[in-house]
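Fold and contact review
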Amino acid sequence: MTDRLTIAIQKSGRLSKESMALLNACGVKFSVNEARLIAHSTSHPIDLLRVRDDDIPGLVMDGVVDLGLVGENVLEEARLERIATDSVAAYQPLRGLEFGQCRLSLAVPRESQYQSLKDLDGLRVATTYPQLLKRYLKDNGVNARTVMLTGSVEVAPRAGLAEAICDLVSTGATLEANGLVEKDVIFRSQAQLIQRADSLSEEKQAMIDQLLPRIDGVQMARE
Ligand code: PRT
Ligand code: ZN
């Protein structure tokens, strides 16, 4: 039996289409049944695992899948969280994928008196990325409290839950629509291809070694 390479991608969301398109452009073909978690490649001994993006770092770090395509924001948050809880947090970064670009930024209400980071001392900052935020605050000697929210972060100040937010931004339209002003970029992100840290069978590794130059070729052609 051939050893099948397993790749985790986001099931449905901002990274899904481009993740599938990249694999397709590399000649790895799939026919995806929307209802199914697993899609078998019709061209290679490769299985696609379609999951929430938040699950991808852990699946790779635990060696449950061989490769993952995930946003660096989610990846680094998961890595810090796993280090904090003494779990295995290793992976091999393979390629930045040049899609899913965004930044994790601090923002405050338009009417806020905020002038510098120090002004956050003693205040509450709402975020979905507590680890990345805490690291940034610590590195900058700021004593703010993080308020963890898995969604609707941009409404936290209006709801009286926090004085500032730390959220993903791409165009800035969401901040604008919620009366918030971006003050500080704390992390820049794009989608990344990662591999589990332990070594793979020769067959699987050979497939990855074949895939990487194809990815480089696809990216080159796009430039
Ligand atoms: O269901 P699942 O958990 O898989 O998906 P999700 O809802 O957690 O993630 P999804 O699909 O929204 O985003 C997946 C990844 O896309 C993120 O982890 C980032 O790496 C990347 N990405 C790129 C973004 C954005 N751009 C982005 N703009 N993720 C989220 N946003 C949101 C942001 O949170 C804010 O609400 O879009 C809004 C801001 O956009 P602008 O254009 O108004 O600034
Ligand atoms: Zn998610």
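Throughout what follows, the structure given in this document is the object of discussion. Keep in mind the model is a prediction, meaning the values are calculated, not measured.

Cut-offs applied
- Residues numbered from 1 in each chain as written.
- Chains lettered and ligands numbered in written order.
- Predicted model: local features only at pLDDT ≥ 70, side-chain atom pairs only at ≥ 80, totals over all residues.
- Heavy atoms only, no water.
- Axes fitted to C-alpha atoms, helices over the stretch in contact; angles between N-to-C directions.
- Helix = DSSP H or I, 4+ residues; strand = E, 2+ residues; numbered from the N terminus.
- Parallel < 35°, antiparallel > 145°, perpendicular 65-115°, else oblique.
- Contact = heavy atoms within 4.5 Å.
- Nonpolar A, V, L, I, M, F, W, Y, C, P; charged D, E, K, R; others polar.
- Buried < 20%, exposed > 50% of the residue type's maximum accessible area, 1.4 Å probe, protein only.
- Arc of directions from axis to C-beta.
- Donors = N, O, S within 2.8 Å, 3.2 Å for Na, K, Ca; no water.
- Tetrahedral: all angles 85-135°; square planar, octahedral: opposite > 155°, others 65-115°.
- 1 Å grid on protein atoms, 1.4 Å probe; cavity = no way out; pocket = protein on both sides within 12 Å on 5 of 7 lines; lining within 4 Å.
- Points joined across faces, edges and corners; volume = space filled by probe spheres on them.

Structural notes on the packing of helix α3 (residues 72-84) against helix α4 (residues 130-139)
With their axes 8 Å apart at the nearest point, α3 and α4 run at an angle of 80° to one another. One way to sum up the angle between α3 and α4 is to call them roughly perpendicular. For the pair α3 and α4, the contacting residues are Asn73, Glu76, Glu77, Arg79, Leu80, Glu81 and Ala84 in the first and Pro130, Gln131, Leu132 and Arg135 in the second. In the contact of α3 with α4, the residues fall into four nonpolar, two polar and five charged.

Here we look at helix α1 (residues 16-25)
Residues Ser16, Ser19, Met20, Leu22 and Leu23 constitute the buried set of α1. Taken end-on, α1 shows its buried residues confined to a sector of 160°, consistent with a single buried face. In this structure, the buried side of α1 is in contact with β1 (5-10), β3 (46-51), β4 (67-71) and α6 (202-222). Within two residues after α1, Gly27 carries a phi angle of roughly 90°, on the positive side.

A closer look at the coordination of the zinc ion (ligand 2)
Here the zinc ion (ligand 2) is held by the protein donor atoms Asp53 (OD) and Asp54 (OD), which lie 2.1 Å from it. The coordination sphere of the zinc ion (ligand 2) comprises four donor atoms, whose angles at the metal cover 78 to 168°; the geometry is irregular. Residue classification places Asp53 among the buried residues on the basis of a relative accessible area of 17%.

Section: empty space enclosed by the protein
Tallied over the full model, the rule gives two cavities of 30 Å³ or more. One number sums up the size of the largest cavity: a volume of about 60 Å³. Contributing to the lining of the largest cavity are Leu5, Cys26, Val28, His44, Ile46, Met207, Gln210, Leu211 and Arg214. Sort the elements by how many residues they give to the lining of the largest cavity and α6 lands first, with four residues. Classifying every residue of the lining of the largest cavity by side-chain character gives six nonpolar, two polar and one charged. Estimates place the volume of the second largest cavity at around 30 Å³. Taken together, Leu22, Leu23, Leu69, Leu97, Leu193, Leu211 and Ile215 form the lining of the second largest cavity. Residue composition of the lining of the second largest cavity, grouped by class: seven nonpolar, no polar and no charged.

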